[in-house]
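Residue-level structure breakdown
For reference, the chains in residue letters:
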Amino acid sequence: MGRDSYDEQLDRLTGVLATMSRDASAAIRGASGALLDVDRGAAQAVLDGDAVLDAARSDVEAMIPQVLVRHQPVASDLRLVLCALRMAGDLERMGDLAVHVAKIVLMRHPVGVVPEPAVPLLTSMADAAARIADKTAVVLATRDRFDAMQLGLDDDEVDAAQERLLSMLVSAWPYGVESAIDLALVGRYYERYADHAVNVARQVVYLVTGTIRL
């Protein structure tokens, strides 16, 4: 197998990851729009689109053995294929978490999931999660380890919002237990989504430096 063909395989692997990252970002934006606008169509679209991310992860998993078997990778290339496997798992899971948000919207429709007092907080969480996803896509493309390390700060914003949400729900929440459970789950989904995005960034740092420093 020639080096050109090998490099093409590595480029294809990187391209699949970049596409997955954009799809994961679109999924959380769609789920957030469905949540905040009580939009059944948007929620269903998130569910329908999840198969694309699942298929992309399968593509990555199928490509990696081919790369390893047909060519003896140098250290940096070996890091790429190992990181790709981990990244694909995190990105696919990000899509799943967006689906979880969308499913709650569909389950409660036509009733909204987010009562008015919680709208600003959920909007903040949704915006932060989307921002992290967008930055992850950029980091995957640029492999800038400094940008990757900044994602931890964005993740702190989501964690802080989750704590505020939980405090709100346990402070004489007037909308019932079912509503509190829904919002606690939604908050957890956003928190985990951000965590997986940071995991992707960690792999970029490792890919560039050979060490995890995020």
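What counts and how
Residues numbered from 1 in each chain as written. Predicted model: local features only at pLDDT ≥ 70, side-chain atom pairs only at ≥ 80, totals over all residues. Heavy atoms only, no water. Helix = DSSP H or I, 4+ residues; strand = E, 2+ residues; numbered from the N terminus. Rg over C-alpha atoms; globule rule 2.2 N^0.38 Å. Buried < 20%, exposed > 50% of the residue type's maximum accessible area, 1.4 Å probe, protein only. Contact = heavy atoms within 4.5 Å. Areas by Shrake-Rupley, 256 points an atom, 1.4 Å probe, with all protein chains shown as cover. Lys, Arg positive; Asp, Glu negative; His and termini not counted. Charge placed at Lys NZ, Arg CZ, Asp CG, Glu CD. Salt bridge = Lys/Arg side-chain N within 4 Å of Asp/Glu carboxyl O. Phe/Tyr/Trp six-rings, centres within 6.5 Å; stacked < 30°, edge-to-face > 60°. pLDDT = per-residue confidence, 0-100. Axes fitted to C-alpha atoms, helices over the stretch in contact; angles between N-to-C directions. Parallel < 35°, antiparallel > 145°, perpendicular 65-115°, else oblique. Left-handed = near helix turned anticlockwise from the far one by under 90°. Nonpolar A, V, L, I, M, F, W, Y, C, P; charged D, E, K, R; others polar.

Digging into the overall build of the chain
- A tally of helices and strands in the chain yields six helices and zero strands.
- The helix and strand sequence of the chain, counted from the amino end, reads α-α-α-α-α-α.
- Whereas a compact globule of 214 residues would reach a radius of gyration of roughly 17 Å, the chain reaches 19 Å, a difference of no more than 12%.
- A principal-axis box enclosing the C-alpha atoms of the chain has dimensions of 65 × 35 × 20 Å.
- Put simply, the chain has 214 residues, and 46% of those count as buried.
- Restricting the contact set of the chain to residue pairs at least 6 apart, pairs at least 24 apart contribute 83%.
- Per element, the accessible surface of the chain, about 9900 Å² overall, is 54% carbon and sulfur.
- Of the side chains in the chain, 21 bear a positive and 31 a negative charge, and the two mean positions are spaced by 5 Å.

Here's the deal with the pattern of salt bridges
- Counted according to the given criterion, the structure contains 11 salt bridges.
- With a shortest N-O distance of 3.9 Å, Arg93 and Asp96 are connected by a salt bridge. Of this pair, Arg93 and Asp96 both sit in helix 3 (residues 75–108), separated by three residues, roughly a single helical turn.
- Classification of Arg93 by relative accessible area gives partly exposed; the value is 31%.
- For Asp96, a relative accessible area of 15% translates into the label buried.
- One salt bridge in this structure joins Arg192 and Asp195, with 3.0 Å as the shortest N-O distance. Here Arg192 pairs with Asp195, and both are found in helix 6 (residues 177–209), just three residues apart, close to one helical turn.
- Judged by relative accessible area, which is 27%, Arg192 ranks as partly exposed.
- We classify Asp195 as buried; its relative accessible area is 18%.

Section: the packing of aromatic side chains
- Taken as a whole and judged by the stated rule, the model has one aromatic pair.
- On the numbers, 5.0 Å between centres and 55° between planes, the contact of Trp173 with Tyr175 is tilted.
- Judged by its relative accessible area of 12%, Trp173 is buried.
- When its relative accessible area of 43% is taken as the criterion, Tyr175 is described as partly exposed.

Observations regarding the confidence of the model for the chain
- Taken over all residues, the pLDDT of the chain has a mean of 89, while the share at 70 or more is 92%.
- Here helix 1 (residues 3–37) stands out as the least confident element of the chain, with mean pLDDT 87; helix 6 is the most confident, with 92.

Brief notes about the packing of helix 4 (residues 119–142) against helix 5 (residues 145–170)
- Where helix 4 contacts helix 5, the two axes come as close as 10 Å, and the packing angle between them is 165°. Relative to helix 5, the element helix 4 is oriented roughly antiparallel. Crossing handedness for the pair helix 4 and helix 5: left-handed. Residues Leu121, Leu122, Ser124, Met125, Ala128, Ala129, Arg131, Ile132, Lys135, Thr136 and Val139 of helix 4 touch helix 5, and the partners they reach there are Asp147, Ala148, Leu151, Asp154, Asp155, Glu157, Val158, Ala161, Gln162, Arg164, Leu165 and Met168.
- Residue composition of the contact of helix 4 with helix 5, by class: 13 nonpolar, three polar and seven charged.

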